[in-house]
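So you can see what is in the structure, the chains are spelled out below.
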Amino acid sequence: MNLDTIREEREQWLLWKNIVPMRDALAKIQQIKIENPKVILDDWVTVQCNLNKNEKSIIEQNAKALIPWRKGPFDIGGLKIDSEWQSNKKYNLLRPYFDLKNKCVADVGCNNGYYMFRMLEDKPKKIVGFDPSAIFKTQFDFINHFIKSDIKYELLGVEHLEFYETKFDFIFMLGVLYHRSDPIASLKSLNRALNKNGEIIVDSFMIDGEDEVCLFPKDRYNMIPNIYFIPTVNCFKNWLSRAGFKDIEVLEITKTDEQEQRVTPWTFGKRLDDFLDTQDKNKTCEGYPAPKRVYLKARKK
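Residues numbered from 1 in each chain as written. Predicted model: local features only at pLDDT ≥ 70, side-chain atom pairs only at ≥ 80, totals over all residues. Heavy atoms only, no water.

A.B. asks: What is the right way to read the pairing of strand E1 (residues 38-41) from this model?
C.D. replies: Where E1 meets strand E2 (residues 45-48), four bridges bridge the pair, whose relative direction is antiparallel. Each bridged residue has a counterpart across the sheet, and for Val-39 the counterpart in E2 is Val-47. Counting the residues in the hairpin turn of E1 and E2 gives three residues. (Pairing = 2+ DSSP bridges. Helix = DSSP H or I, 4+ residues; strand = E, 2+ residues; numbered from the N terminus.)

The structure is reproduced here in structure tokens:
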């Protein structure tokens, strides 16, 4: 597989009619030069810098041109971008389970890079984000203009990972697997992209039960399109084992709530409650079990 050819093709995505105004907004932001910014990698990924009134206005106006902001939150020179998902909750949940110092790290389905920016605190050797989205890439470029990190953002997907020029010591793939029509093939791609003894943290929607089975929604799940397999924990473990992983460990099981996913001025759409059964919040509007996530960690065999 020739990744350079794919990269060239996908760079053209940045010229799409709906993306050009966003790239124009980014260009205006990139004209603002800041000196000695202080970056704080906490719940709010924050850049403290001296901005005049006009610069603040330009940043706010053009940041709003990049709506919707799904992941975050960010604070750029006092401008608080309060994203739809409070991604700090998931990051803080997983934080005790990894150490990325001096490691080559991949974030598959990285969105606008929130998790990758947080990972900088570990001083990894290299971070590469994979997400085939021109919108998310533009948001990443916006934030990284101020943070000035060496993070590499690729407009590539999990199917390209095993052909990538770098092998990784640690791979995160969060919020992706249930969108893949062949989850085992996706997990095998992660496996092939790892160095010897490399590790992954991966999550999925899940259903309760001890059986090694999964739910396959007829159409949508919780009004989300392109959802395929939703496994029990034991089924998920089997997927990982058959994809070439060992030392499989259940890290956390959580239920999504309204504090984690909300509607804010920086996004649009509906909140979690809008997708649940009006009579029974333990069910989705389609009648399936309400969303729960399981996070697993595993090592390459």
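On we go from here.
A.B. asks: Help me understand the pattern of salt bridges, please; the structure alone is not making it clear to me.
C.D. replies: Close approach of charged atoms lets side chains of opposite charge pair. Under the defined criterion, the tally for this structure stands at 20 salt bridges. One salt bridge connects Arg-7 with Glu-165, and the closest N-O pair in it is separated by 2.9 Å. In this pair, Arg-7 sits in helix H1 (residues 3-11) while Glu-165 sits in the loop between strand E7 (152-154) and strand E8 (168-173), placing the two residues 158 residues apart along the sequence. Taken together, the shared-partner salt bridges in this structure form one network comprising Asp-4, Arg-7, Glu-154 and Glu-165. (Salt bridge = Lys/Arg side-chain N within 4 Å of Asp/Glu carboxyl O.)

A.B. asks: When you look at the sheet that holds E7 in this model, what are you seeing that I'm missing?
C.D. replies: Sheet strands pair via backbone hydrogen bonds, and the direction of the pair is either parallel or antiparallel. One open sheet accounts for seven strands, arranged E7-E6-E5-E8-E9-E13-E12; its pairing is mixed. For this open sheet the edge positions go to E7 and strand E12 (245-255), each flanked by a neighbour on one side alone. The average angle at which neighbouring strand axes cross in this sheet is 15 degrees, direction not considered. As judged from the five bridges shared by E8 and strand E9 (residues 194-205), these two strands associate in the parallel manner. (Axes fitted to C-alpha atoms, helices over the stretch in contact; angles between N-to-C directions.)

A.B. asks: Can you help me understand empty space enclosed by the protein in this one?
C.D. replies: In this approach a probe as big as a water molecule rolls over the atoms, and the regions it shows empty are the leftover space. In this structure the tally under the stated criterion is one cavity of 30 Å³ or more. If you trace the largest cavity, you find it lined by Tyr-91, Leu-94, Phe-98, Tyr-115, Met-119, Phe-172 and Leu-174. Every element with two or more residues in the lining of the largest cavity is listed here: helix H4 (87-94) and helix H5 (114-119). Partitioning the lining of the largest cavity into residue classes produces seven nonpolar, no polar and no charged. (1 Å grid on protein atoms, 1.4 Å probe; cavity = no way out; pocket = protein on both sides within 12 Å on 5 of 7 lines; lining within 4 Å. Points joined across faces, edges and corners; volume = space filled by probe spheres on them. Nonpolar A, V, L, I, M, F, W, Y, C, P; charged D, E, K, R; others polar.)

A.B. asks: Help me out: how do you make sense of the packing of helix H2 (residues 20-30) against helix H6 (residues 134-147) in this one?
C.D. replies: Packed helices, taken two at a time, are described by their axes: the angle between them and the distance between them. At a closest axis distance of 10 Å, the pairing of H2 and H6 adopts a crossing angle of 5 degrees. Here H6 runs roughly parallel to H2, going by the angle between their axes. Packed against H2, whose contacting residues are Met-22, Arg-23, Leu-26, Ile-29 and Gln-30, the element H6 presents Ile-135, Lys-137, Thr-138, Asp-141, Phe-142, His-145 and Phe-146 at the interface. Its residues assigned to classes, the contact of H2 with H6 comprises six nonpolar, three polar and three charged. (Parallel < 35°, antiparallel > 145°, perpendicular 65-115°, else oblique. Contact = heavy atoms within 4.5 Å.)

A.B. asks: In this structure, what is going on with the layout of surface pockets? I would like to understand it.
C.D. replies: Taken as a whole, the largest pocket spans an internal volume of roughly 1200 Å³. In terms of lining, the largest pocket is formed by 42 residues, of which the most central are Lys-71, Gly-175, Tyr-178, His-179 and Ile-224.

A.B. asks: Mind showing me how you'd approach the packing of aromatic side chains here?
C.D. replies: The relative placement of two aromatic rings is captured by the distance of their centres and the angle of their planes. Inspection of the entire model under this criterion finds 24 aromatic pairs. Aromatic pair Phe-205 and Tyr-221: ring centres 5.3 Å apart, planes at 55 degrees, arrangement tilted. With Phe-205 in strand E9 and Tyr-221 in the loop between strand E10 (214-215) and strand E11 (230-231), this residue pair connects regions lying 16 residues apart in the sequence. The exposure classification of Phe-205 matches that of Tyr-221, with both residues buried. A centroid spacing of 6.4 Å and a plane angle of 85 degrees characterise the contact between Phe-229 and Trp-239, whose relative ring orientation is edge-to-face. Remark: Trp-239 occurs in helix H8 (residues 233-242) and Phe-229 occurs in the loop between E10 and E11; sequence separation between them is ten residues. The class of Trp-239 is buried, set by a relative accessible area of 9%. The ring of Trp-266 has Lys-64 sitting right over it, with the charged end atom 6.0 Å from the ring centre. Between Lys-80 and the ring centre of Trp-44, over which it is positioned, the NZ or CZ distance is 4.8 Å. (Phe/Tyr/Trp six-rings, centres within 6.5 Å; stacked < 30°, edge-to-face > 60°. Buried < 20%, exposed > 50% of the residue type's maximum accessible area, 1.4 Å probe, protein only. Lys NZ or Arg CZ within 6 Å of the ring centre and 35° of its normal.)

A.B. asks: Please clarify how the pairing of strand E6 (residues 126-130) should be interpreted in this entry.
C.D. replies: Regular strands show a simple pattern: their side chains alternate between the two faces of the sheet. For E6, the buried fraction is high: four of the five residues fall into the buried class. Pairing geometry for strand E5 (residues 104-108) and E6, over five bridges, is parallel. Of the residues in E6, the one forming a bridge with Val-105 is Ile-127. In the classification by handedness, the crossover that spans E5, the intervening H5 and the parallel E6 is right-handed. Across three bridges, the pairing between E6 and E7 is parallel. Within E7, the position partnered with Phe-130 by the bridge is Glu-154. Between E6 and its parallel partner E7, the chain crosses via H6, and the hand of that crossover is right-handed. (Right-handed = clockwise from strand over helix to strand, strands pointing away.)

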